[in-house]
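# Close look at the chain arrangement
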Amino acid sequence: MDSTGAGAELNLHERLDFIGIDDAAKARLRSIKPLIEGAMSAALDKFYQRVRSTSETNRFFRDNGHVSTAKSKQADHWKVILNGNFGPDYAGRVRTIGQTHARLGLAPRWYIGGYAVVVETLIESIIENDWPSLMSLGKGRGEGTARSIAILVKAMMLDIDLAISTYLEALEQERKRSEEAREIAATNQQQALSVLAAALATLSNGDLTTRIDQKLSAEFDGIKSDFNAAVAKLQEAM
């Protein structure tokens, strides 16, 4: 799937439609943006403290400067989410994240777990902010809070879906490349063995003029050169 093409955009629209991120939901995201951005620094601090204290995730960061850069990029990504900008640029950004995780070998469980740590703090901030009104008597007092939490969770799940789908696609592409490389290597090896066997058969019949002239893959150039040199010396000696 091309993250910048019409097919990818349609696929993104399908995702948005299915989970119910419509114009009203995007407006709700924008309405809680100031609150979420205010809680984001604490949420990311908590997340990166967990990252740095876990050996499996800490190894992906060189130093504190690397962590600060990653934190800044993550905060910028959340600004895009909170603005409801779920277009091709957003999809491309998330696909880059998924591809990077695949390249680095970061298992999806760490990505999902990290999101849980971040969103935990963000949901707590919504509830704490709305708590006075939630305690007021009256039916439906919590509807706004529920909608805010719901759209936040939906946005999170969309992000996870796109990133992990890309991660799995990247792994599948790598598997196919590896399989193709193995098939090519096997074919080249079979060709080299066949050529060498034919040359040896001719040599065993006493033909000292035989040479390997066929073009072989580069890894067999040494064998070809050694064989031809050996037969030339044998011919000269005879």
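Residues numbered from 1 in each chain as written. Predicted model: local features only at pLDDT ≥ 70, side-chain atom pairs only at ≥ 80, totals over all residues. Heavy atoms only, no water.

### Considering the confidence of the model for the chain
Summarising the model, the chain shows a mean pLDDT of 88, and 92% of its residues fall at 70 or more. Summarising per-element confidence for the chain, the mean pLDDT is lowest in helix H1 (residues 6–19) (75) and highest in helix H2 (residues 23–52) (94). Segment residues 1–10 is flagged for pLDDT under 50; beyond a separation of four residues in sequence, or across chains, it makes 10 contacts in the model. (pLDDT = per-residue confidence, 0-100. Helix = DSSP H or I, 4+ residues; strand = E, 2+ residues; numbered from the N terminus. Contact = heavy atoms within 4.5 Å.)

### Quick word on the side chain of His77
With respect to the helices, strands and loops of the structure, His77 is situated in helix H4 (residues 64–82). The buried category is assigned to His77, whose relative accessible area is 6%. Excluding residues within four positions of it along the chain, His77 makes contact with Tyr90, Arg93, Val94, Ile97 and Asp159. (Buried < 20%, exposed > 50% of the residue type's maximum accessible area, 1.4 Å probe, protein only.)

### Regarding the pattern of salt bridges
Enumeration according to the criterion identifies nine salt bridges in this entry. In this structure, Glu143 engages Arg147 in a salt bridge whose closest nitrogen and oxygen atoms are separated by 3.9 Å. Linking Glu143 with Arg147, this pair stays in helix H7 (residues 143–204), spanning four residues, or about one helical turn. When its relative accessible area of 47% is taken as the criterion, Glu143 is described as partly exposed. Salt-bridge contacts for Glu172 lead to Arg175; the nearest nitrogen and oxygen are separated by 2.7 Å. You can see Glu172 and its partner Arg175 sitting in helix H7, three residues apart, about one turn around the helix. Classification of Glu172 as partly exposed rests on a relative accessible area of 32%. (Salt bridge = Lys/Arg side-chain N within 4 Å of Asp/Glu carboxyl O.)

### Quick word on the side chain of Asp130
Mapped onto the secondary structure, Asp130 falls in helix H6 (residues 108–134). The buried charged residue Asp130 lacks any salt bridge, with Arg28 as its nearest oppositely charged partner at 6.4 Å. Looking at Asp130, its side chain comes within polar contact range of the side chain of Thr145, at 2.6 Å. (Lys, Arg positive; Asp, Glu negative; His and termini not counted. Polar contact = N/O pair within 3.5 Å; in protein donor to acceptor, adjacent residues only side chain to side chain.)

### Here's the deal with the packing of aromatic side chains
Tallied over the entire structure, the rule returns five aromatic pairs. Relative to Phe61, the ring of Tyr48 lies with its centre 5.9 Å away and its plane at 90°, an arrangement referred to as edge-to-face. Within this pair, whereas Tyr48 is found in helix H2, its partner Phe61 is found in the loop between helix H3 (55–58) and H4, the two being separated by 13 residues in sequence. Across the pair, Phe61 and Tyr48 agree in class, each one buried. Every member of this aromatic cluster is reached through a ring pair, and the members are Phe47, Tyr48 and Phe61. (Phe/Tyr/Trp six-rings, centres within 6.5 Å; stacked < 30°, edge-to-face > 60°.)

### Here's the deal with the nonpolar core
Nonpolar side chains in soluble globular proteins tend to end up buried together. The biggest cluster of nonpolar side chains holds 43 residues, and the ones touching the most others in it are Trp78, Phe86, Tyr90 and Leu122. Contributing elements (two or more residues each) for this core: H1, H2, H4, helix H5 (88–104), H6 and H7. Sort the elements by how many residues they give to this core and H2 lands first, with 11 residues. In this view, Trp78 contacts Met40, Tyr115, Val118, Val119, Leu122 and Leu152; residues no more than four positions away in its chain are not counted. Ala192, Val195, Ile212 and Phe227 belong to the second largest nonpolar core, which has eight residues in total. (Core = buried A, V, L, I, M, F, W, Y, C linked by side-chain atoms within 4.5 Å.)

### Notes on helix H8 (residues 221–237)
For an α-helix, 3.6 residues make a turn, and residues three or four places apart therefore share a direction. The terminal C-alpha atoms of H8 lie 24 Å apart, and with 17 residues this matches the ideal 24 Å at 1.5 Å per residue to within 8%. Among the residues of H8, those classed as buried are Lys224, Phe227, Asn228 and Val231. Around the axis of H8, the buried residues are gathered within 95° of arc, so they sit on the same side. Along H8, exposed side chains directed more than 90 degrees from the buried face belong to Asp226, Lys233, Glu236 and Ala237. If you follow the buried residues of H8, they end up packed against H7. (Expected span 1.5 Å × (residues − 1). Arc of directions from axis to C-beta.)

### Let's talk about the packing of H2 against H7
The geometry of H2 relative to H7 is characterised by a closest axis approach of 9 Å and an angle of 95° between their N-to-C directions. With respect to their mutual orientation, H2 and H7 come out roughly perpendicular. Across from Ala25, Arg28, Leu29, Ile32 and Ile36 in H2, the residues of H7 making contact are Gly144, Arg147, Ser148, Ile151, Leu152 and Ala155. For the contact of H2 with H7, the class distribution of residues is seven nonpolar, two polar and two charged. (Axes fitted to C-alpha atoms, helices over the stretch in contact; angles between N-to-C directions. Parallel < 35°, antiparallel > 145°, perpendicular 65-115°, else oblique. Nonpolar A, V, L, I, M, F, W, Y, C, P; charged D, E, K, R; others polar.)

### So, the packing of H2 against H4
Running from amino to carboxyl end, H2 crosses H4 at an angle of 155°, the nearest separation of the two axes being 10 Å. In terms of axis orientation, H2 runs roughly antiparallel to H4. In this structure, H2 meets H4 at a crossing whose hand is right-handed. From H2, Leu29, Arg30, Lys33, Ile36, Glu37, Met40, Ser41, Leu44, Asp45, Phe47, Tyr48 and Arg52 reach across to H4, where they touch Asn64, Val67, Ala70, Lys71, Gln74, Ala75, Trp78, Lys79, Ile81 and Leu82. (Left-handed = near helix turned anticlockwise from the far one by under 90°.)

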